[in-house]
Amino acid sequence: MRKKRVLVTGGSGFLGSHLCERLLAMGHEVICVDNFFTGSKSNIVHLMDSPYFEAVRHDVTFPLYVEVDEIYNLACPASPIHYQHDPVQTTKTSVHGAINMLGLAKRVKAKIFQASTSEVYGDPNVHPQTEDYWGNVNPTGLRSCYDEGKRCAETLFFDYNRQHKLKIKVGRIFNTYGPRMAMDDGRVVSNFVVQALKGEDITIYGGGEQTRSFCFVTDLVEGIVRLMEQTPDEFTGPVNLGNPGEFTIRELAETVVDLVGSQSKIVHTPLPSDDPMQRCPDISLAKRILDWEPEVPLREGLALTIAYFDAVLKTK
Ligand code: NAD
Ligand code: UDP
């Protein structure tokens, strides 16, 4: 296989760092671009020794000039507390970031992947969610900066494809978890695991009957890479990438407490506004086109995640 020079934006984040690792293992040269808002150098320090890895501090809302063969655009805070911290910057990251990376892809004739999200479906009326469902999204709420930013980014990707014949791949990622999630990230898996390991109360927002589908990070990265490598390039997506196993948040809390063997109590706090009630991907398209489906069951992935956070907590 020809060695490609690949740009990964958001490469020092949770998913980005696993993707950089995977692309290096495939024999490619990787340029990781990140402004370190939610990413961290500790996620990529083990890659720094490679002569084929380069880390660049850069904010994708500003233009970037590099010569690359492929681009994976992952830059964007993904956890509600982080993307709501500076919502205007979140929209700029999704929209200006997409415009800058698409402009770069057009100039250098690179194929480009967009990390889209199940949030484009909002609080869905169709269950499980299929790619042809247009979603139920509040355009003015607390989650809108992320949801509408990602929806606009998809629009830009498809317009660059139609207008400029750019090779695009759009993956709609559902809740993914695993080692290197940030400890203070605020997402449900990292929160519950850290709370259980510390013996603190497990905070369920609302009654805990809302559902999510959790994909282990290695499965997700495999799906992303297959989508990018899939030919012919006329297959643009959007394609759902996630684990169709659906659990209530209460079930997740009980499983984490059980696996950790923790004494933590479950407590309930108010449900944030616009929190989707159910979410589960229909992955028939990914199965058919990419011959892909997740392999890591929830308990196995959680055990690996618990081992990671346990090791991190012991260094503190
Ligand atoms: P993350 O917060 O760990 O990673 C995002 C990375 O982007 C961080 O390293 C952050 O510093 C960087 N970043 C943010 N704004 C930037 C900017 N303006 N310029 C440059 N870098 C910037 O989150 P993640 O879970 O790794 O998510 C990665 C991508 O996947 C995001 O685009 C997210 O929307 C998407 N996604 C993730 C999930 C999930 O469950 N993890 C689900 C759906 C979509
Ligand atoms: N959640 C929870 N307790 C927490 C963090 C999250 O009950 O400590 C709930 C949250 O309200 C949501 C689900 O878990 O219903 C998933 O939240 P997360 O922030 O991980 O992702 P998203 O809502 O974007 O799917």
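Each remark here, short or long, concerns the structure printed above.
Presented here is a report on the structure given in the accompanying data block. This is a predicted model, so every value here is computed, not measured.

**Describing the overall build of the protein**
Here is step 1: The helix and strand tally for the protein stands at 9 helices and 13 strands.
Here is step 2: The C-alpha atoms of the protein give a radius of gyration of 19 Å, which matches the 20 Å a tight globule of 316 residues would have.
Here is step 3: On the principal axes, the C-alpha backbone points of the protein span a range of 55 × 45 × 40 Å.
Here is step 4: Sorting the 316 residues of the protein into buried and exposed places 55% on the buried side.
Here is step 5: If you take every contact in the protein between residues at least 6 apart in sequence, the share linking residues at least 24 apart comes to 82%.
Here is step 6: Of the roughly 13,700 Å² of accessible surface on the protein, a fraction of 52% belongs to carbon and sulfur atoms.

**Details of the site of ligand 2**
Here is step 1: Around ligand 2 lies a shell of 18 residues, among which T203, Y205, R212, D275 and R279 are the nearest.
Here is step 2: Within the contact set of ligand 2, an oxygen atom lies 2.8 Å away from a backbone nitrogen or oxygen of V188.
Here is step 3: R212 places a side-chain nitrogen or oxygen 2.7 Å from an oxygen atom of ligand 2.
Here is step 4: Coverage of ligand 2 by the protein chains reaches 95% of its 520 Å² of free accessible surface.

**Describing the environment of S264**
Here is step 1: Considering the arrangement of structural elements, one finds S264 in the loop between α7 (249–260) and β13 (266–269).
Here is step 2: When its relative accessible area of 10% is taken as the criterion, S264 is described as buried.
Here is step 3: Sequence separation of S264 and E200 is 64 residues, and the distance between their C-alpha atoms is 5.5 Å.
Here is step 4: What S264 contacts, discounting residues up to four positions off in sequence, is Q195, A196, G199, E200, I202 and V257.
Here is step 5: For S264, the side chain forms a polar contact with the main-chain oxygen of Q195, separated by 3.4 Å.
Here is step 6: At 2.9 Å, the side chain of S264 forms a polar contact with the side chain of S262.

**Let's talk about the site of ligand 1**
Here is step 1: Around ligand 1, the structure places 31 residues, and the nearest of them are L15, D34, T38, Y146 and K150.
Here is step 2: Interatomic distance of 3.0 Å between a backbone N/O atom of G39 and an oxygen atom of ligand 1.
Here is step 3: Within the complex, 97% of the 830 Å² of free accessible area of ligand 1 lies under protein.
Here is step 4: Counting residues per element, the ones that place at least two in the shell around ligand 1 are α1 (14–25), α3 (87–108), β5 (111–117) and α4 (144–164).
Here is step 5: A total of 3 residues in the shell around ligand 1 trace back to one element, the largest contributor, which is β5.
Here is step 6: By residue class, the composition of the shell around ligand 1 is 14 nonpolar, 13 polar and 4 charged.

The rules behind the values
Residues numbered from 1 in each chain as written. Chains lettered and ligands numbered in written order. Predicted model: local features only at pLDDT ≥ 70, side-chain atom pairs only at ≥ 80, totals over all residues. Heavy atoms only, no water. Helix = DSSP H or I, 4+ residues; strand = E, 2+ residues; numbered from the N terminus. Rg over C-alpha atoms; globule rule 2.2 N^0.38 Å. Buried < 20%, exposed > 50% of the residue type's maximum accessible area, 1.4 Å probe, protein only. Contact = heavy atoms within 4.5 Å. Areas by Shrake-Rupley, 256 points an atom, 1.4 Å probe, with all protein chains shown as cover. Near = heavy atom within 4 Å. Polar contact = N/O pair within 3.5 Å; in protein donor to acceptor, adjacent residues only side chain to side chain. Nonpolar A, V, L, I, M, F, W, Y, C, P; charged D, E, K, R; others polar.

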